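# Results of the structural survey
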Amino acid sequence: MIDQPVLRVLQGEAVWPPPVWLMRQAGRYLPEYRKLRATAGNFIALCTTPAMATEVTLQPIRRFGMDAAILFSDILIPPWALGQKLRYAEGEGPLMERIETIADLDKLNLARLKPGTESVMETVSRVRAELPDATTLIGFAGSPFTVACYMLDGKGGKFDRTLGLVYSDPALVAAVIETMTTATIDYLSWQIEAGADCVMLFDSWAGLLPPDLFRAHVIRPTIRIVDAIKHRHPGVHVIGFPRLAGLMALPYIAETGISAFGMDVATDAAALARLMPRKIALQGNLDPLLLRAGGLSLDYAVERIANELAGSPHIFNLGHGIVPETPPEHVGMLIERLRALEPVPPSRALEDSRIAANSGS
């Protein structure tokens, strides 16, 4: 059996030092990425050309030796494959022909998803073939609510239109989320069949919703997706990342069936570990801005986060994606510092976390 530290953690094992990968580890902060991006023509072409997407996925593995690679793609590839117009404008991010009515949604065709994402599956297969055996390949998708925000607003931002529609036209919002839930189940399943070792759901805008709507639009679709993945692919683990969930992290963990919870920057890792309604792995949660800053503060934070969760299943990561201005050398220093940590007895780690919680630090 292949020893993959990330999969061991997802199975509930405490590994020391904790395995590490970083959200957006393949991207604009790397000069080799920028060089390749300049030849791609546009961002969609970069994501859907297997040779280029494979190269981008592998770049941080070659440079830093991460314990996991995450597929290089974009959360909006599924609605684009279904037929929603999408382009990426420099300095503006994604721009979509937004869904105004149910009639617009009906124009999207789930039958287009498989042919529209075949290039992504080829990338997954190529990456898995080139990765070291011990390196986990993570497939991913945007969670239905977060993807729906872009589909309904037509662009990134505060998503004022979507947040208004959850009250003024809840049937439209529910229909978009239903479509994307169905699409996401297939999309992740095909990635697993192509070679992904586990998958992750990114719900970057989950924190915009009040608790009742969080249950309806975040927890319930996630339950359906995780249940379907477990049914189709027994033993494959799902990581959930509902950013800025706050206290709703507890029912999310209790109810969705995920194997690991991705912590954002605002999460108190030690407190969450004590309060969790069931024992699962935690992933995170270094501040990306601290990674950009580097120095002794970065060293201290790496040690603190790792020690707080010593003795528990933990994947070291960021609380959100790497920012483009991050010096690659800082990523190297993070990896070096983490892997040089001396083991901390779990009893001492637990006591340290209690002291930190009681002191308000």
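Residues numbered from 1 in each chain as written. Predicted model: local features only at pLDDT ≥ 70, side-chain atom pairs only at ≥ 80, totals over all residues. Heavy atoms only, no water.

## Section: the overall build of the protein
Filter applied, for reference: Helix numbering and strand numbering both begin at the N terminus, where a helix is a DSSP run of H or I of at least 4 residues and a strand a DSSP run of E of at least 2. Within these notes, the globule rule equals 2.2 Å times the number of residues to the 0.38 power, and the radius of gyration is based on C-alpha atoms. Three labels apply to residues, based on accessible area from a 1.4 Å probe with only protein chains included: buried if under 20% of the type maximum, exposed if over 50%, partly exposed otherwise in between. Any two residues whose heavy atoms approach within 4.5 Å at even a single point are treated as in contact. Exposure was quantified through the Shrake-Rupley algorithm and a 1.4 Å probe, taking into account, for residues, occlusion by the shown protein chains and nothing else.
Helices and strands together make up the secondary structure of the protein, namely 18 helices and nine strands. What you see for the protein is a C-alpha radius of gyration of 20 Å, in line with the 21 Å of a compact globule of 361 residues. Expressed as lengths along the three principal axes of its C-alpha atoms, the size of the protein is roughly 60 × 45 × 40 Å. Burial statistics for the protein: of 361 residues in total, 58% are counted as buried. The contacts in the protein between residues at least 6 apart in sequence include a share of 74% that link residues at least 24 apart. A total accessible area of about 14900 Å² is found for the protein, and carbon and sulfur atoms account for 54% of it.

## Description of the UniProt feature "site: Transition state stabilizer" (unreviewed entry) in the protein
The condition is simple: UniProt positions are given in the numbering used here, feature names are shortened, and annotations may be inferred rather than shown by experiment.
When the UniProt feature table is mapped onto this chain numbering, "site: Transition state stabilizer" (unreviewed entry) sits at Asp-74. When you line up the elements, Asp-74 lands in the loop between strand E1 (68–70) and helix H5 (77–82). Residue Asp-74 is classed as buried on the basis of its relative accessible area, which comes to 17%. When sequence neighbours within four positions are dropped, the list of residues in contact with Asp-74 reads Phe-43, Cys-47, Tyr-88 and Phe-140.

## Observations regarding the pattern of salt bridges
Operational definition: By definition, a salt bridge exists where a carboxyl oxygen of Asp or Glu is found within 4 Å of a side-chain nitrogen of Lys or Arg.
Within this structure, the stated rule accounts for 16 salt bridges. The shortest N-O distance in the salt bridge between Asp-3 and Arg-8 comes to 3.4 Å. For Asp-3, a relative accessible area of 45% gives the class partly exposed. Between Arg-224 and Glu-178 there is a salt bridge whose closest N-O contact spans 2.7 Å. Within this pair, whereas Arg-224 is found in helix H12 (residues 211–232), its partner Glu-178 is found in helix H11 (residues 170–194), the two being separated by 46 residues in sequence.

## Some words on helix H10 (residues 160–168)
Side chains three or four residues apart in an α-helix point the same way, a direct result of the helix having 3.6 residues per turn. Heads up, the rule is: Comment: arc refers to directions from the helix axis out to C-beta atoms.
Taken together, the buried positions of H10 are Arg-161, Thr-162, Leu-165 and Val-166. Each buried residue of H10 lies within a common arc of 140° when the element is viewed along its axis, so the set occupies one face. Of the exposed residues in H10, the ones pointing more than 90 degrees away from its buried face are Asp-160, Tyr-167 and Ser-168. Looking at the buried side of H10, the elements it contacts are helix H9 (144–153), H11 and H12.

## Looking at the packing of aromatic side chains
Selection criterion: By convention, a stacked pair of Phe, Tyr or Trp rings (six-membered ring in the case of Trp) has centres within 6.5 Å and planes under 30 degrees apart, an edge-to-face pair has planes over 60 apart, and any other such pair is tilted. In our convention, an over-ring charge means Lys NZ or Arg CZ found within 6 Å of a ring centre and within 35 degrees of that ring's normal.
For the coordinates displayed, the defined rule picks out nine aromatic pairs. Arranged with centres 6.0 Å apart and planes meeting at 70°, the rings of Tyr-252 and Phe-261 form a pair that is edge-to-face. Pair check on accessibility: Tyr-252 and Phe-261 agree, each one buried. Among the aromatic residues, those joined into a ring-pair cluster are Tyr-33, Phe-43, Phe-72 and Tyr-88. A cation sits over an aromatic face here: Arg-243 above Trp-205, 5.0 Å from the ring centre.

## So, the UniProt feature "domain: Uroporphyrinogen decarboxylase (URO-D)" (unreviewed entry) in the protein
The UniProt record marks residues 19–28 and 138–154 with the feature "domain: Uroporphyrinogen decarboxylase (URO-D)" (unreviewed entry), using the residue numbering of this structure. The span residues 19–28 is 0% helix and 0% strand, and its two end C-alpha atoms sit 23 Å from each other. With 59% helix and 29% strand, the stretch residues 138–154 has end C-alpha atoms that lie 28 Å from each other.

## Digging into the pairing of strand E2 (residues 86–89)
A regular strand places its side chains on the two faces of the sheet in alternate fashion. How we decide: By this definition, two strands are paired if DSSP reports at least two bridges between them.
For E2 and strand E3 (residues 93–96), the ladder comprises four bridges, and the chain directions are antiparallel. Bridging from a neighbouring strand, Leu-86 pairs with Met-96 of E3. What sits between the antiparallel neighbours E2 and E3 is a turn of three residues, in which Gly-91 has the positive phi angle 80°.

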